[in-house]
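Next come the chains, spelled out residue by residue.
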Amino acid sequence: MKSLLEESRRLDPTEAQKLWDLDLLTLGAAADQSRRRLNPGNRVTFVIDRNINYTNICMSGCRFCAFYRSPGAEDGYVLDWDSLAAKLTELKAHGGSGVLLQGGLNPELNLDYYLELVDFIRGFGLAVHGFSPPEIFYMAGKNALSLEELIRRLMDAGLGSIPGGGAEILVDRVRNQISPHKCSAGQWLAVMAAAHRQGLKTSATMMFGHLETRAERVEHLVKIRELQDETGGFTAFIPWTYQPGGTHLTGEALGAVEYLKMLAISRLVLDNVPHLQVSWVTQGPKVAQAALKFGADDFGSTMLEENVVAATGVGFRLTRAEIDTLIRQCGYEPQVRDHRYRTFEGPRHQEQ
Ligand code: SF4
């Protein structure tokens, strides 16, 4: 296996599965080499943003989710415009360039609401990195629009990029058990393909450590790699571990070794996705630092606000200064980017 890594050619699924047999440091060194090939130099990027969850009302009821409330629940909400404005003003004051905008599949919201929401945020000079594929698939179905038409309407309103949420594991055997009312693996990929065809960049995620097998994790990676071969529209891959607190699925959270191995394997298999992001929000700052030696070149975001992982009881928080320090402590140079992974120097960047 070591010799295969030295050949630096594309790994097939069988070879990728064998990577788990390697010891942790050998795997890390190979992933680091791959990271340096794709991202030469010493730069580690991050974005100044906040996650805004415009509604927690969701008809999907995923078993791993501690955030959602069923339609009609007393503590369900749709964010009011004044609260949203206050959040955007605060983000601007922190030098933010954009918002990661996601919410539940809320049957009460119509297309005009989503378009107004995007337009409202753009009015503050902030980019909208918004609506994961399950939301887009749900909106398209509810409004009887094709994926292409819906995405075009959102882009016209100012949508700048799409976050890769809701991927979980892109294998329907797993999805049918953990999120049976959400879009299928093929539908998730179809949303991303439609976005990429219209020039919209997206990220991709994987939530692992629940019901899936390692073979199914590799299947997930290969599906991302195949679509990326066709479209080139993925900017980054973000694997993170399932957090069981407060969920119906329950179980145990995976530890650091399995996380770091998965991160390194992602870097080695996804030879065509430029960036790999650490998940400090689930792993904490120390494992996130180690992750920079396991293929990652991006530290995620300042996440001035985060609600979804926080609902499971995992409460890591980091300021911009702390992220800077954590990156520098590992011998890297921190570099602020935007949601499309464009880097910039000097005064706060205004998204186009
Ligand atoms: S993960 Fe998303 S789609 Fe699933 S229940 Fe939570 S909010 Fe709804």
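The structure we're discussing is the one just above.
Residues numbered from 1 in each chain as written. Predicted model: local features only at pLDDT ≥ 70, side-chain atom pairs only at ≥ 80, totals over all residues. Heavy atoms only, no water.

### Describing the overall build of the protein chain
If you tally the helices and strands in the protein chain, you get 13 helices and 10 strands. Expected size for 352 residues packed as a compact globule is a radius of gyration near 20 Å; at 19 Å, the protein chain falls within 12% of this value. The principal-axis extents of the C-alpha atoms in the protein chain amount to approximately 55 × 50 × 40 Å. By element, 51% of the accessible surface of the protein chain is carried by carbon and sulfur atoms, the whole surface being about 13,800 Å². (Helix = DSSP H or I, 4+ residues; strand = E, 2+ residues; numbered from the N terminus. Rg over C-alpha atoms; globule rule 2.2 N^0.38 Å. Areas by Shrake-Rupley, 256 points an atom, 1.4 Å probe, with all protein chains shown as cover.)

### As for the sheet that holds strand 5 (residues 159-161)
The strands that make up a sheet pair up through hydrogen bonds in the backbone, lying either parallel or antiparallel. With parallel pairing, four strands are arranged side by side in an open sheet as 2-3-4-5. Each edge of the sheet is formed by a strand with only one pairing partner; in this case those strands are strand 2 (49-53) and strand 5. Within this sheet the neighbouring strands show an average axis-to-axis angle of 40°, counted without direction. Against the sheet, helix 4 (residues 81-93) engages strand 2 and strand 3 (98-102), with an angle of about 170° to strand 2. Contacts from helix 5 (residues 111-122) reach strand 3, strand 4 (127-130) and strand 5, with the element oriented near 140° to strand 4. (Pairing = 2+ DSSP bridges. Axes fitted to C-alpha atoms, helices over the stretch in contact; angles between N-to-C directions. Contact = heavy atoms within 4.5 Å.)

### Quick look at the side chain of threonine 45
Tracing the chain through its elements places threonine 45 in strand 1 (residues 43-47). At 2.5 Å, the side chain of threonine 45 and the side chain of aspartate 298 are in polar contact. When near neighbours in sequence (up to four residues on either side) are disregarded, threonine 45 contacts Asp297, Asp298, Phe299, Gly300, Gln335, Arg337 and Thr343. (Polar contact = N/O pair within 3.5 Å; in protein donor to acceptor, adjacent residues only side chain to side chain.)

### Focus on helix 10 (residues 214-231)
The first and last C-alpha atoms of helix 10 sit 26 Å apart over 18 residues, in line with the 26 Å expected at 1.5 Å per residue. Among the residues making up helix 10, those that are buried are Glu216, Arg217, Val218, His220, Leu221, Val222, Ile224, Arg225, Leu227 and Gln228. In this structure, the buried residues of helix 10 make contact with helix 2 (13-18), helix 8 (172-178), helix 9 (185-197), strand 6 (202-208), strand 7 (234-241) and helix 11 (256-269). Count one or two residues on from helix 10 and you reach glycine 232, which has phi positive near 65°. (Expected span 1.5 Å × (residues − 1). Buried < 20%, exposed > 50% of the residue type's maximum accessible area, 1.4 Å probe, protein only.)

### Considerations on the packing of aromatic side chains
Tallying each qualifying case throughout the model produces nine aromatic pairs. Their ring planes at 50° and their centres at 6.1 Å tell us that tyrosine 54 and tyrosine 113 sit as a pair that is tilted. Within this pair, whereas tyrosine 54 is found in the loop between strand 2 and helix 4, its partner tyrosine 113 is found in helix 5, the two being separated by 59 residues in sequence. Seen from their ring centres, tyrosine 54 and phenylalanine 131 are 5.9 Å apart, and the 75° between their planes marks the pair as edge-to-face. (Phe/Tyr/Trp six-rings, centres within 6.5 Å; stacked < 30°, edge-to-face > 60°.)

### Topic: the pattern of salt bridges
All told, the structure shown has 17 salt bridges when counted by the stated rule. Glutamate 90 is the partner of arginine 50 in a salt bridge, and the nearest nitrogen-oxygen pair spans 2.7 Å. Residue arginine 50 is found in strand 2, and its partner glutamate 90 is found in helix 4; the two are separated by 40 residues along the sequence. Beyond isolated ion pairs, a larger network of salt bridges with shared partners links Glu212, Arg214, Arg217 and Glu258. (Salt bridge = Lys/Arg side-chain N within 4 Å of Asp/Glu carboxyl O.)

### Overview of helix 13 (residues 320-329)
Restricting attention to buried positions, one finds in helix 13 the residues Ile323, Leu326 and Ile327. One side of helix 13 carries all its buried residues, which in axial view fall inside an arc of 95°. Residues of helix 13 that are exposed and angled more than 90 degrees away from the buried face: Ala321 and Gln329. Of the surrounding secondary structure, the elements contacted by the buried residues of helix 13 are strand 1, helix 12 (280-291), strand 9 (298-301) and strand 10 (333-337). (Arc of directions from axis to C-beta.)

### Some points on unusual backbone geometry
Generally, phi is negative for residues other than glycine and the peptide bonds are trans, each holding for most cases. Residue phenylalanine 131 is not a glycine yet carries a positive backbone phi of 70°. Residue classification places phenylalanine 131 among the buried positions, given a relative accessible area of 0%.

### Observations concerning the nonpolar core
Phe131, Trp188 and Phe299 are the most contacted members of the largest nonpolar core, which has 108 residues in total. Beyond its immediate chain neighbours, meaning those up to four positions away, tryptophan 188 contacts Pro133, Pro134, Gly164, Gly165, Gly166, Ala167, Leu170, Arg175, Cys183, Ala204, Ile224 and Phe234. (Core = buried A, V, L, I, M, F, W, Y, C linked by side-chain atoms within 4.5 Å.)

### Comments concerning the side chain of serine 301
Looking at where serine 301 falls in the secondary structure, it is placed in strand 9. A distance of 2.8 Å separates the side chain of serine 301 from the side chain of aspartate 49, its partner in a polar contact. Sequence-distant contacts of serine 301, that is, excluding residues within four places in its chain, are made with Val47, Asp49, Trp280 and Ile323.

### Some thoughts on the pairing of strand 4
Going residue by residue along strand 4, you find Ala127 and His129 tucked away on one face and Val128 and Gly130 tucked away on the opposite face as well. One ladder, built from four bridges, connects strand 3 with strand 4; its direction is parallel. Considered in strand 4, the bridge of leucine 101 is made with glycine 130. With helix 5 bridging strand 3 and its parallel neighbour strand 4, the resulting β-α-β unit is right-handed. Looking at chain direction, strand 4 and strand 5 are connected through two bridges and run parallel. Each bridged residue has a counterpart across the sheet, and for valine 128 the counterpart in strand 5 is leucine 159. (Right-handed = clockwise from strand over helix to strand, strands pointing away.)

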